[in-house]
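# Per-entry structural report
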Amino acid sequence: MWVFLRSGYPLRILLSLRGEWMGRRGLPRSLVPGPPRRRYRKEALPALEVPVLPVTATEIRQYLRAHGIPFQDGHSCLRAPSPFVGASQLKDQTSATTSFSLFINKTTGRFLCMTSLAEGSWEDFQASVEGRGDGDREGVLLSEVPEAEDSEEVRRIWNRAIPLWELPELEEAQLARVMFGLTKVTDDTFRRFSVRYLRPARSLVFPWFSPGSLTLRGLKLLGAEGQGDGVRYVETTIPRPGAYHNLFGLPLINRRDVEVVLTSRELDSLALNQSTGLPTLALPRGTACLPPALLPYLEQFRRIVLWLGDDLRSWEAAKLFARKLNPKRCSLVRPGDQQPRPLEALNRGLNLSRILRSALPAWHKSIVSFRQLREEVLGELSNVEQVAGVRWSRFPDLNRLLKGHRKGELTVFTGPTGSGKTTFISEYALDLCTQGVNTLWGSFEISNVRLARIMLTQFAVGRLEEQLDKYDEWADRFEDLPLYFMTFHGQQSIRTVIDTMQHAVYVYDICHVVIDNLQFMMGHEQLSTDRIAAQDYIVGAFRKFATDSSCHVTLVIHPRKEDDDKELQTASIFGSAKASQEADNVLILQDRKLVTGPGKRYLQVSKNRFDGDVGVFPLEFNKTSLTFSIPPKSKARLKKIKDDNGLVVKKPSSGKKGAVPQNSDTCFQPDSSKPSG
C-alpha cells in the first residue's frame, strides 16, 4: 500500500518488514538541521597503526608483579588500580573491587580507566608507572573528546527529536511504528532506553551517553526507506562509525548483573529487554566489528549470549566475537526459522526466553561425534547462498564461478607484468569492502598514497583531478569504508607481516587481507639460500593464518618467465607447486594484447576448491575510471565444460585470430576487433 505523509513524500511499506539492514557512513546533509558543513581531516589515509613491540599477557603480568602492582585476572582484561585517578576520586572508591578501575587488554596491552576515562597503549602505561610521563603526556591519554562541531550537531538533533509517543498526530506515530516493526514495543520501553524520533528525517534517534553520567556523546539515526517490496534500513552515526563506541543500553546495566545478551541492532535490544527483562546491549557497528575498546565494559558478566541476527553472516560474526570475549562464558543463538532475530520473534509471538535457553555454548572441549555437528551441517545445507560467501557486485561472472568470497580461504592471483594486476585486485577488493567486508591492504610494491588514489578513482568511477570540487564529498565517503592499509613498503619479514595481520584481525575484525606481492617478503627470510624453500615457507604461513583466523587472504604472486606467445597456466606461478596446492582459489589475469597487439584481457579461474567450477570471462579496462568491467555487447560468453577426464575445450573457429588455445580451461572466444581500454 502507498501511504502519504504530510510532507508529501510517498513511502511503500511492507507490513512484514523483513528488510535488508544496511548502513550509511556519515550523516546525509539533507537530514541535518542547520547549514551544511565540510570537514577537513589531518589524516586522509586510514593507515593501520601497528604496535612496535607486541606484548603478551605473560609479559604484562610479570611487569605488574615486578612493580608491586596488584591485579585481578579477568576474561579478556587484567584489572589493576589506576594511576590516573585523583585523590578525590579515590575517596569515593570504598571497596577493593571498585578500586581496580584500570582494565588492561591481555592481547594488545591497551588500557582504559573506568573512573577517569584515561586510555592509551601499553607503552603509555609503562611510562606513567615509571615516572617518564609528564602532564602533557597524561593529557594525551585522556579519552578523545568529541569534536566541537560534532557536539553541536548532536545537541541540535537531540533537541529537535521528540519521544515517539508524543507525536502530535496519532497516524504519524502509528506509521512510524509500522515502518520499523515496533507495533508490539511499548512506550515504557522507549522511555526506559531514551529513544526519540526525528520527524524531518523520519528516523529513530538512539543516544550515546558517557559511562557513569548522562552526558550525551553521540547519536545513531535509523531511517527506513521503501525498496521494492521490502524496506531498507539506513544507519547514520555522529561521530562517524570509527569513533562511535556506544554499547546501547549500557546506562541501564547494574553492577550486580552477571548475564547480558548482545544484539546487532538497537531495535532487537528493545524487543529482548521488554520480553525477557534481561540486560541487553546493542553493538555499535552490528556484525561488522566488535572494537576491543568495549571489552572492559563487558568484563563484569559471567555469561554473555550473542543473538546477532537470522543469517549465516551473523552466525559467523557471533563465533568470531566469542573468541574476543572468551568462548567459555559465551553462548550463541543459532539462526533458524523458529529462531529469527529478536524483533521479528516478538512480532511473531515467539517465546524469546525459550529461544535464549536453547543457546549453544561457544566453547567445546572436543568434538567427538556427528551429533555435535549435525546442526552446523543443516545450517549450511539450508543456507547454500550464504555459505557461498559475499558476492561481487561489479563482477557477476566471478560469482558464477567462485560463487562468493568466503572466510578462511587463500586466493593466489597472478598475471603478466604490466597487465594491470594491482589495478584489478584493488577493484576486486574495493567491491567487497563497499559491502561491509573489513579489508586490510599490504601494498609492498607501490605506495599507499598511490594505491589509495587508484581505489578512490575506482570508488568514484571517474577522475577526481577533473572535478576537485567533489573531492571532499568522495573522500569523506571513502574514508568511512572499513578499509585499512599496512604502513610497510619494500621488503618485509613474514613474521612482522603476520603479526600485523593478527593485530588487525583482533582490533578491526578484518575479514580480507590483500598482499601485493609475495616476492617482496622473500629477501628477508634467512631460512635458506633457496628462494623456492623461502617461498614455500611464506605460503604455508599465510595458509595457516587464513585457517586459524577465519580470514580470507588474497596473495599476489608474479609468474615465472615464459614465452610471450604462451598463455599463463597454474604451473606458471613462480616457485614450486606448493602455492597452487595450498590455495583454495587460483586466479590468472590473461592479457592477449601483450602478445598479439589488439586483443582482450580476461580473467581465468583455474582452481576453485569450493565447488570445482573453473572458467574464463572477458574484462575491458576503462582508462578514465581505472576499472574493469564486462563489455555489455561482447560476443564472448563464459562457458564451463567438463567430462570424465577433466576440462574439455571446443576447438575455436579456424583462422580466428585471438582465439584461446585448446589447453585453456574453458572455451572463450574474445572479440579482438576493438582494442582494450
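Residues numbered from 1 in each chain as written. Predicted model: local features only at pLDDT ≥ 70, side-chain atom pairs only at ≥ 80, totals over all residues. Heavy atoms only, no water.

### Let's talk about the overall build of the protein chain
The number of helices and strands found in the protein chain is 22 helices and 29 strands. For the protein chain, buried positions account for 52% of its 677 residues. When contacts within the protein chain are restricted to residue pairs at least 6 apart in sequence, those whose partners lie at least 24 apart make up 67%. Per element, the accessible surface of the protein chain, about 31900 Å² overall, is 50% carbon and sulfur. (Helix = DSSP H or I, 4+ residues; strand = E, 2+ residues; numbered from the N terminus. Buried < 20%, exposed > 50% of the residue type's maximum accessible area, 1.4 Å probe, protein only. Contact = heavy atoms within 4.5 Å. Areas by Shrake-Rupley, 256 points an atom, 1.4 Å probe, with all protein chains shown as cover.)

### Observations concerning the pattern of salt bridges
Taken as a whole and assessed by the stated rule, the structure comprises 31 salt bridges. Here Glu-427 and Arg-394 are joined by a salt bridge, their closest N and O atoms 3.0 Å apart. Taken as a pair, Glu-427 in helix H16 (residues 421-433) and Arg-394 in the loop between helix H14 (384-387) and helix H15 (396-402) lie far apart in primary sequence, 33 residues in all. Classification of Arg-394 as partly exposed rests on a relative accessible area of 25%. Its salt-bridge partner being Lys-403, residue Asp-613 comes within 2.7 Å of it at the nearest N-O pair. Pair noted here: Asp-613 is in the loop between strand S25 (601-608) and strand S26 (615-622) and Lys-403 is in the loop between H15 and strand S19 (410-414), with a separation of 210 residues, a long-range link. Take Asp-613 and Lys-403: they sit in the same class, and that class is buried. (Salt bridge = Lys/Arg side-chain N within 4 Å of Asp/Glu carboxyl O.)

### Overview of the packing of aromatic side chains
By the definition in use, this model includes 19 aromatic pairs. Between Tyr-63 and Trp-122, the aromatic rings sit 5.2 Å apart at their centres with planes inclined by 75°, giving edge-to-face as the arrangement. Of this pair, Tyr-63 sits in helix H1 (residues 57-66) while Trp-122 is found in helix H4 (residues 122-129), placing the two residues 59 residues apart along the sequence. On the basis of relative accessible area, Tyr-63 is assigned to the buried category, the value being 10%. Judged by its relative accessible area of 6%, Trp-122 falls in the buried class. Note on Trp-158 and Phe-209: the rings are 6.4 Å apart at their centroids and 90° apart in plane angle, and the pair reads as edge-to-face. With a gap of 51 residues between them, Trp-158 in helix H6 (residues 148-160) and Phe-209 in strand S11 (residues 203-209) connect regions that are remote in the sequence. An aromatic cluster of three or more residues is present, and its members are Trp-392, Phe-395, Phe-413, Phe-424, Tyr-428, Phe-621 and Phe-628. Geometry around Trp-158 places Arg-196 over its ring, the cationic atom sitting 3.9 Å from the centre. Over the face of the ring belonging to Tyr-506 we find Lys-324, whose NZ or CZ atom lies 5.4 Å from the ring centre. (Phe/Tyr/Trp six-rings, centres within 6.5 Å; stacked < 30°, edge-to-face > 60°. Lys NZ or Arg CZ within 6 Å of the ring centre and 35° of its normal.)

### A short note on the environment of Ala-533
With respect to the helices and strands, Ala-533 occurs in helix H20 (residues 531-549). Given the relative accessible area of 34%, Ala-533 is considered partly exposed. In this structure the C-alpha to C-alpha distance between Ala-533 and Lys-578, which are 45 residues apart in sequence, comes to 9.9 Å.

### Topic: empty space enclosed by the protein
Within the structure shown, the criterion is met by one cavity of 30 Å³ or more. Put simply, the largest cavity is a space of about 30 Å³. If you trace the largest cavity, you find it lined by Leu-306, Trp-307, Leu-308, Gly-309, Ser-314, Trp-315, Ala-318, Val-333 and Pro-335. For the lining of the largest cavity, the element with the most residues is helix H10 (residues 312-325), which contributes three residues. (1 Å grid on protein atoms, 1.4 Å probe; cavity = no way out; pocket = protein on both sides within 12 Å on 5 of 7 lines; lining within 4 Å. Points joined across faces, edges and corners; volume = space filled by probe spheres on them.)

### Details of the sheet that holds strand S20 (residues 439-443)
Taken in spatial order, the nine strands make up an open sheet running S21-S20-S22-S23-S19-S24-S25-S26-S27, and their pairing is mixed. Strands at the two margins of the open sheet, each flanked by one partner only, are strand S21 (483-485) and strand S27 (627-629). Here the strands of the sheet are splayed against their neighbours by 25° on average, with no regard to which way each runs. Here S19 pairs with strand S23 (residues 552-556) via four bridges, running parallel. The partner of Thr-411 across the bridge, within S23, is Thr-554. (Pairing = 2+ DSSP bridges. Axes fitted to C-alpha atoms, helices over the stretch in contact; angles between N-to-C directions.)

### Regarding the sheet that holds strand S16 (residues 303-306)
Judged by pairing direction, the sheet is mixed, and its five strands sit side by side in the order S15-S14-S16-S17-S18 without closing on themselves. Both edges of this open sheet fall to strand S15 (280-282) and strand S18 (360-361), since each of them pairs with a single strand only. Here strand S17 (residues 330-332) runs beside S18; their pairing, made up of two bridges, is antiparallel. Each residue of the ladder has a partner; that of Leu-332, found in S18, is Leu-360.

### What about the pairing of S20?
When a strand is regular, its side chains alternate between the sheet's two faces. Across the five residues of S20, five count as buried, placing the element largely inside the fold. Burial along S20 is two-sided: the residues Thr-439, Trp-441 and Ser-443 and Leu-440 and Gly-442 are all buried. Pairing geometry for S20 and S21, over three bridges, is parallel. When the sheet's bridge partners are listed, Leu-440 is paired in S21 with Tyr-484. Across five bridges, the pairing between S20 and strand S22 (residues 512-516) is parallel.

### Some points on the environment of Val-461
Structurally, the position occupied by Val-461 is in the loop between helix H17 (448-460) and helix H18 (471-479). A relative accessible area of 54% means that Val-461 is categorised as exposed. Val-461 sits 164 residues away from Ser-625 along the chain, and the two C-alpha atoms are 4.8 Å apart. Excluding anything up to four places from it in sequence, Val-461 contacts Arg-394 and Ser-625.

### Quick look at the confidence of the model for the protein chain
Confidence in the prediction of the protein chain, expressed as mean pLDDT, is 79, and 75% of residues score 70 or more. When mean pLDDT is compared element by element in the protein chain, strand S14 (residues 259-263) scores highest at 97, while strand S1 (residues 2-4) scores lowest at 36. Low pLDDT (under 50) marks residues 1-47, which in the prediction has 113 contacts with non-local residues, meaning those over four places away or in another chain. (pLDDT = per-residue confidence, 0-100.)

### Focus: the environment of Pro-340
Structurally, the position occupied by Pro-340 is in the loop between S17 and helix H11 (342-347). Once the C-alpha coordinates of Pro-340 and Asp-310 are considered, the two residues, 30 residues apart in sequence, prove to be 5.0 Å apart. The contact partners of Pro-340, leaving out residues within four places of it in the chain, are Trp-307, Asp-310, Ala-345, Arg-348 and Leu-350.

### Thoughts on unusual backbone geometry
If a residue is not glycine, its phi is most likely negative; likewise, a peptide bond is most likely trans. Here the amide bond leading from Ile-238 into Pro-239 is cis, since omega sits at 0°, within 30 degrees of zero. Assignment of secondary structure puts Pro-239 in the loop between strand S13 (230-238) and S14. Omega for the bond connecting Asp-516 with Asn-517 falls within 30 degrees of zero, at 5°, which places this linkage in the cis form. Structurally, Asn-517 is set in the loop between S22 and H20. A positive phi is found at Ser-194, a non-glycine position, where the angle reads about 60°. Note that Ser-194 resides in the loop between helix H8 (187-193) and strand S10 (196-198). For Val-461, which is not glycine, the phi dihedral falls at a positive 55°.

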